[in-house]
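The lines below spell out each chain.
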Amino acid sequence: MEIEIATIGGYEEVGRQMTAVRAGDDVVVFDMGLNLSKVLIHDNVETERMHSLDLIDMGAIPDDRVMSELEGDVQAIVPTHGHLDHIGAISKLAHRYDAPVVATPFTIELVKQEFESEQKFGSENDLVKMEAGGTMSIGDSGVELEFVNVTHSIIDAINPVLHTPEGSIVYGLDKRMDHTPVIGDPIDMKRFREIGREDNGVLCYIEDCTNAGKKGRTPSESVARRHLKDALYSMEDYDGGIVATTFSSHIARVSSLVEFAKDIGRQPVLLGRSMEKYSGTAERLDFVDFPEDLGMFGHRKSVDRTFKRIMNEGKEDYLPVVTGHQGEPRAMLTRMARGQTPYELDAGDKVVFSARVIPEPTNEGQRYQAETLLGMQGARIYDDIHVSGHLNKEGHYEMLDALQPQHVIPAHQDMSGFSDYVNLCEDEGYKVGRDLHVTRNGNLIQIVE
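Description of the structure in this document. Here the structure is a predicted model, which means the values were calculated and not measured. (Residues numbered from 1 in each chain as written. Predicted model: local features only at pLDDT ≥ 70, side-chain atom pairs only at ≥ 80, totals over all residues. Heavy atoms only, no water.)

Quick notes on the sheet that holds strand β9 (residues 158-164)
Taken in spatial order, the six strands make up an open sheet running β7-β8-β9-β10-β11-β18, and their pairing is mixed. Among the strands making up the open sheet, the edge pair consists of β7 (135-138) and β18 (407-411). Strand-to-strand twist across the sheet, computed as the mean angle between neighbouring axes with direction ignored, equals 20°. For strand β10 (residues 167-171) and strand β11 (residues 202-208), the ladder comprises four bridges, and the chain directions are parallel. Bridge pairing links Y171 to I206 in β11. Its contacts with the sheet put helix α6 (residues 189-197) on β8 (143-149), β9, β10 and β11, and the angle it makes with β8 is roughly 150°. (Pairing = 2+ DSSP bridges. Helix = DSSP H or I, 4+ residues; strand = E, 2+ residues; numbered from the N terminus. Axes fitted to C-alpha atoms, helices over the stretch in contact; angles between N-to-C directions. Contact = heavy atoms within 4.5 Å.)

Quick notes on the packing of aromatic side chains
Each aromatic ring pair is characterised by the separation of its centres together with the angle its planes make. If you walk through the whole model with that rule in mind, you get four aromatic pairs. Judged by centre distance (6.2 Å) and plane angle (90°), the ring pair of Y233 and F260 falls under edge-to-face. Placement of the pair is Y233 in helix α7 (residues 221-233) and F260 in helix α8 (residues 251-263), with a sequence separation of 27 residues. Of the residues examined, Y233 reaches a relative accessible area of 34% and is grouped as partly exposed. The buried category is assigned to F260, whose relative accessible area is 1%. Sitting above the plane of the Y278 ring, K277 keeps its charged end 5.1 Å from the centroid. Against the face of Y238 rests K350, its NZ or CZ located 4.5 Å from the ring centre. (Phe/Tyr/Trp six-rings, centres within 6.5 Å; stacked < 30°, edge-to-face > 60°. Buried < 20%, exposed > 50% of the residue type's maximum accessible area, 1.4 Å probe, protein only. Lys NZ or Arg CZ within 6 Å of the ring centre and 35° of its normal.)

Let's talk about the side chain of T341
Counting through the fold element by element, T341 comes out in the loop between α11 (332-337) and β16 (350-353). With residues near it in sequence (within four places) discarded, T341 still touches D304, F307, R335 and M336.

Here we look at the sheet that holds strand β17 (residues 380-382)
Pairing in this open sheet of six strands is parallel, and the strands run β14-β13-β15-β12-β16-β17 from one edge to the other. Of all strands in the sheet, those with a lone pairing partner are β14 (295-297) and β17, marking the two edges. Averaged over all pairs of adjacent strands, the angle between their axes in this sheet comes to 20°, without regard to strand direction. The pairing of strand β13 (residues 267-271) with β14 spans three bridges and is classified as parallel. By the bridge assignment for β14, L270 is matched with M296. Packing against the sheet, helix α9 (residues 273-284) makes contact with β13, β14 and β15 (318-322), and its axis sits at approximately 135° to β14.

Dropping the structure here:
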């Protein structure tokens, strides 16, 4: 059976992930993501109103025109998890393919919301839920899709595996090896080891190499939880304002913030559109059990009314959890830093960043500006209370050892970002140009002729 892989997006940047695998006459697409930094550098861009070709020209979504060179029919579109760099282009591109979107329940719900907010294109793609551990047939040639549970900085993440007569294709974006997660099951390393040793083994492994240059292993979310608990408990006697920010999609972290706010005698409240979207969806699907009195407000007017109430009743009684950890211009924390909300920051007030800056120039510049503005108001910054959602060097080594793939394709980076992972693979006996394929967006790689 011919096996061909199209590296469409995410092979020249961190963002707009999209990869297609052709097995015989059947094609499966993994991810359709947005490169958010290409959007944020423009003022007041509303992607839901824009044409896909304009977004492609901006470098914001994958240029999927290479798909016309794949001889086969798309049988499924498979997003690995609900981050926008994996699902943010799905409402712009999925309608071009007569195929269902297959994903885990939380991811499917977020994809559904992407379709509902889209104002330019209509979509008739079926939405099919499949749990981690589930399988489904692809076409009529004995190809099977399997979801393997992984842990990441968003719940309900999987690595899809395409089982073919020539061996398995493992699409390894994005994960960390968390054996003690705060929400959900541990990464299923047992299944990865089985896949590496069954039938024809792993034909090809496509891997996110974001942290491949960092030594050791990525800590568990339970480590970040302990760090966050220590930081917030140290503020228990502070009688001024405490504000926290984290990734809206990081439900485990938001859950910890809510719990620890209660522990130190403060009422947590979630503020910002994406904060309301992700946490509301997680609660509705029973992934998390928030307190009944937890307020979630996304609309600007509702947020400002909440800020006024906090100021009237006393900042010392509340802990707002807000959007804006990357310094995004329209996010809540950035507006607070600029004095554009009714919430007034005083000297000595605490701002807890339970997130790291995404290593990209736009984010780094915006975050620097936000922290500077907060500091000018006298805020005390608690930074980096976080663990990454991506594998460090030893995690990558363990995955290669578990899967023992015949071919490896680095992804989720630019060319300089591939280098550490390439070095690691070469140390394990792979060779660039032979079985280690360093590629770019828009390329086709023939794995089996």
